[in-house]
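One letter stands for each residue in the lines below.
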There are 4 protein chains.
Amino acid sequence: LVEFSTVTPDASRPTAEPDHSMRVRVYYEDTDAGGIVYHANWLRWFERARTDWLRSLGFEHSRMLSTSGIGLVVRDLCIDYRRPASLDEELIVDVSLVDARRASWLLDQRAWRPGDAGPLVTARLRIAAVHLATGKPTGIPKDIATRALASRGASQPRTLHA
Amino acid sequence: LVEFSTVTPDASRPTAEPDHSMRVRVYYEDTDAGGIVYHANWLRWFERARTDWLRSLGFEHSRMLSTSGIGLVVRDLCIDYRRPASLDEELIVDVSLVDARRASWLLDQRAWRPGDAGPLVTARLRIAAVHLATGKPTGIPKDIATRALASRGASQPRTLHA
Amino acid sequence: LVEFSTVTPDASRPTAEPDHSMRVRVYYEDTDAGGIVYHANWLRWFERARTDWLRSLGFEHSRMLSTSGIGLVVRDLCIDYRRPASLDEELIVDVSLVDARRASWLLDQRAWRPGDAGPLVTARLRIAAVHLATGKPTGIPKDIATRALASRGASQPRTLHA
Amino acid sequence: LVEFSTVTPDASRPTAEPDHSMRVRVYYEDTDAGGIVYHANWLRWFERARTDWLRSLGFEHSRMLSTSGIGLVVRDLCIDYRRPASLDEELIVDVSLVDARRASWLLDQRAWRPGDAGPLVTARLRIAAVHLATGKPTGIPKDIATRALASRGASQPRTLHA
């Protein structure tokens, strides 16, 4: 049983600088007949931000897939839909590493509209590395963790990767 | 702050009969380059099952949208990805109403492979009704709740809505 | 250069019995902020119908992928969006084999609302088999073609695979 | 009957400067179990490029939707899948206005990998404006056409809108 209670992001806490931010635009493909972003599509954007963050650390999914058959998968995820987003809006999606263990990483993500007081959507999730052919878990390669933690040490200014 | 800790489904508890079940098939569109179902796509299936369940109770999204501009939205969601699913597999997706309040309903959902000992993916989520033009919350219409609760009373056999 | 002119379906011709038909339902995931089905999503439904048709002939994508690394891909496609579909509607998607060559198959597909005089969306497309690791074309396995053509010979009644 | 034969892009003709280009990245969400981009997803990228092009001309879907209930829809489309794209690749998607009539615009689009001799995927399509509540066609607003044609006159250097 995943103890979600221990991993729920505390939205009232002032947010530190995220480890990575990227811009996304809301296109027709992202919306539904309710006129807002379809709830599952926020997960696509969160994945794009994680992938771009890992790429900025020198890691690419495709290389790990082709060389060792290992993929990073989401183990569990809690997401809080606070306010909707609409067609044509430009949003910012953040990634913050909360905890990096050998078997899994805990991440906070949020999406917000520039200028707003609070985020539209927040999530906390765990990713892990698995051998995709067998589903067997394996450790997240150490060099990625090392680089991720090293990059956190730097008091980097917020830079947007568009 | 959503208290996810109070709503996490207890996976070890024997599962009662769900209020609704539907079959889904894994098509190419659902998978990703890792060879398994893309994590966000389980949410699409869970929504299909909720929609079919509501339809079986006499409720249609489109009618509520066109007559009163009200839509049902997901407020928050926790999902636990236990095991992956692959291309061509046929799965069953369940919906169970846990708690029906005026402002929001709490639901358990799970997806499983027929014959397996446990589910592949489980989720707990809250849905609410909002005026889509303004985003303002409104109560979930009472007649839907009445019918949902009435249907739960019946010790219905598991019937699959394909 | 693909000569699309030779493959455009003639919509005025009375349609023969399709080789396969399946039902699809329009869910929130399929629609966009215009309130209608997002144009790319008709291709997802057409693919589901092709896959179910092939499965009914004893062919499964996953088996061909895992045993020989071969996949069926779309080579080219023309699609005509005549009328839109909306949330909650139930549609029927047809597949008809027009021409089966060794290297590629030509197919007609159409989606229609039961009771309507004409289809909502029609398409003509070519599929081919490729070694996915290299992208190299290979012939579509003969036994599939044999079974597809044999099944066409039967003057089968329209049966819906839900 | 749409006469696709008259609108098929001639791939052998040297391509003039497109009216707009944007970069897209291949994420897990875009791929399928075959390890390549799922065929319907190229249409999503083509739509993003059209939307960004229109935005650069001062047009936004959301404004036209909310002020007049008019949306731009795809009428018909031919797409030619020449070569696949894979996870993590960065591609460029072009839009070229071929013909702007009052009722519909004819567009060429293509996606290519920087440095490649030819495009991966090409398409020719027609878009039109409709009242979304009724499905009734209406003219594409003249000011958009005027700006689109004016921008074509300029012998603009290729600039990538990321």
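Predicted, not measured: the structure shown is a model, and the values here were computed from it.

1. Topic: the overall build of chain A
Helix and strand content of chain A: three helices and seven strands. Considering only contacts within chain A whose residues lie at least 6 apart along the sequence, 69% involve residues at least 24 apart.

2. A word on the relation of the copies chain C and chain A
For these two chains of identical sequence, chain C goes onto chain A by a turn of 180° and a shift of 0.0 Å along the axis, with RMSD 0.0 Å. A rotation of that kind, with that shift, is consistent with a two-fold axis. Ranked by how close their C-alpha atoms come to the rotation axis, the residues of chain C are headed by C:Asp32, at 1.9 Å. Most of the interface of chain C is mirrored in chain A, where 100% of its interface residues again form contacts.

3. Concerning the side chain of B:Glu29
Take B:Glu29: it is sitting in the loop between strand S1 (20-25) and helix H1 (41-56). With relative accessibility at 9%, the residue B:Glu29 sits in the buried group. Here C:Arg44 takes part through its side chain, which lies 2.4 Å from a polar atom of the side chain of B:Glu29. If near-sequence neighbours (up to four positions away) are discounted, B:Glu29 is found in contact with B:Asn41, B:Arg44, C:Arg44, C:Glu47, C:Arg48 and D:Tyr38.

4. Considering the confidence of the model for chain A
Residues and elements named next belong to chain A. Mean pLDDT over chain A works out to 87, with 84% of the residues at or above the 70 mark. Below a pLDDT of 50 lies the segment residues 1-14, which in the model reaches 32 contacts outside its immediate sequence neighbourhood of four places, other chains included. Below pLDDT 50 for its whole length, residues 154-159 participates in 13 contacts with residues either more than four positions away or in separate chains. Taken together, the chains of this predicted complex give a pTM of 0.89 and an interface ipTM of 0.87.

5. Examining the interface of chain C and chain A
Across the contact, nine residues belong to chain C and nine residues belong to chain A. For the pair chain C and chain A, the summed buried area comes to about 700 Å², and 72% of that belongs to carbon and sulfur atoms. At the boundary of chain C and chain A, one finds zero salt bridges. The tally of links between chain C and chain A comes to four residue pairs in polar contact (both at pLDDT 80 or more). Within the side of chain C that touches chain A, the residues separate by chemical class into four nonpolar, three polar and two charged.

6. Overview of the environment of D:Ala85
Residues and elements named next belong to chain D. Tracing the chain through its elements places Ala85 in the loop between strand S2 (70-81) and strand S3 (90-100). Exposure remark for Ala85: the relative accessible area of 1% places this residue in the buried category. On a C-alpha basis, the gap between Ala85 and Tyr38 in space is 9.2 Å, while along the polypeptide they are 47 residues apart. The contact partners of Ala85, leaving out residues within four places of it in the chain, are Val26, Ile36, Val37, Trp42, Leu91, Arg113 and Leu120.

7. Let's talk about the pairing of strand S1 (residues 20-25) of chain D
Residues and elements named next belong to chain D. Along S1, five of the six residues are buried, which leaves the element largely enclosed by surrounding structure. With six bridges connecting them, S1 and S3 associate as antiparallel partners. Along S3, the bridge assignment pairs Ser21 with Asp94.

8. Section: the state of the cysteines
Within the structure shown, the criterion is met by two disulfides over all chains. A:Cys78 shares a disulfide with B:Cys78; S-S distance 2.1 Å. On the S-S bond that ties A:Cys78 to B:Cys78, the torsion sits near 105°, and the link is right-handed. Here B:Cys78 lies in strand S2 (residues 70-81) and A:Cys78 lies in strand S2 (residues 70-81), a pairing that spans two chains. In this structure, A:Cys78 and B:Cys78 share a single accessibility class: buried.

Rules of the game
- The residue numbers shown here count from 1 along each chain, following its written sequence.
- Here chains are named by letter from A upward and ligands by number from 1 upward, in the order in which they appear as written.
- For a predicted model such as this one, the threshold for reporting local features is a pLDDT of at least 70, and the threshold for listing and counting side-chain atom pairs is 80 or more; totals across whole chains, interfaces and linings nevertheless cover every residue.
- As a convention, hydrogens and water are excluded, and side-chain values are obtained from all of the structure's heavy atoms.
- Strands are runs of DSSP state E lasting at least two residues, helices are runs of H or I lasting at least four, and both sets are numbered from the N terminus onward.
- The contact criterion used throughout is that any non-hydrogen atoms of two residues lie within 4.5 Å.
- The atoms used to superpose the copies are C-alpha atoms, taken from residues with pLDDT of at least 70 in both, and the fit is least squares.
- Burial classes: relative accessible area under 20% of the type maximum marks a residue as buried, over 50% as exposed, and values in between as partly exposed (1.4 Å probe, protein chains only).
- Here a polar contact is taken to be a pair of N or O atoms separated by no more than 3.5 Å, where protein atoms must pair a possible hydrogen donor with a possible acceptor and residues adjacent in sequence count only if both atoms sit in side chains.
- What pLDDT conveys is the predictor's confidence in a given residue, as a value from 0 to 100.
- Once two parts are brought into contact, the accessible area they lose, counted with a 1.4 Å probe and summed over both, makes up the buried area.
- Each salt bridge in this description consists of a side-chain nitrogen of Lys or Arg and a carboxyl oxygen of Asp or Glu lying within 4 Å of one another.
- Side-chain classes follow a simple rule in which Ala, Val, Leu, Ile, Met, Phe, Trp, Tyr, Cys and Pro form the nonpolar group, Asp, Glu, Lys and Arg form the charged group, and the remainder, Gly included, forms the polar group.
- Should DSSP find at least two bridges between two strands, the strands are taken to pair.
- In what follows, a disulfide is any cysteine sulfur pair within 2.5 Å.

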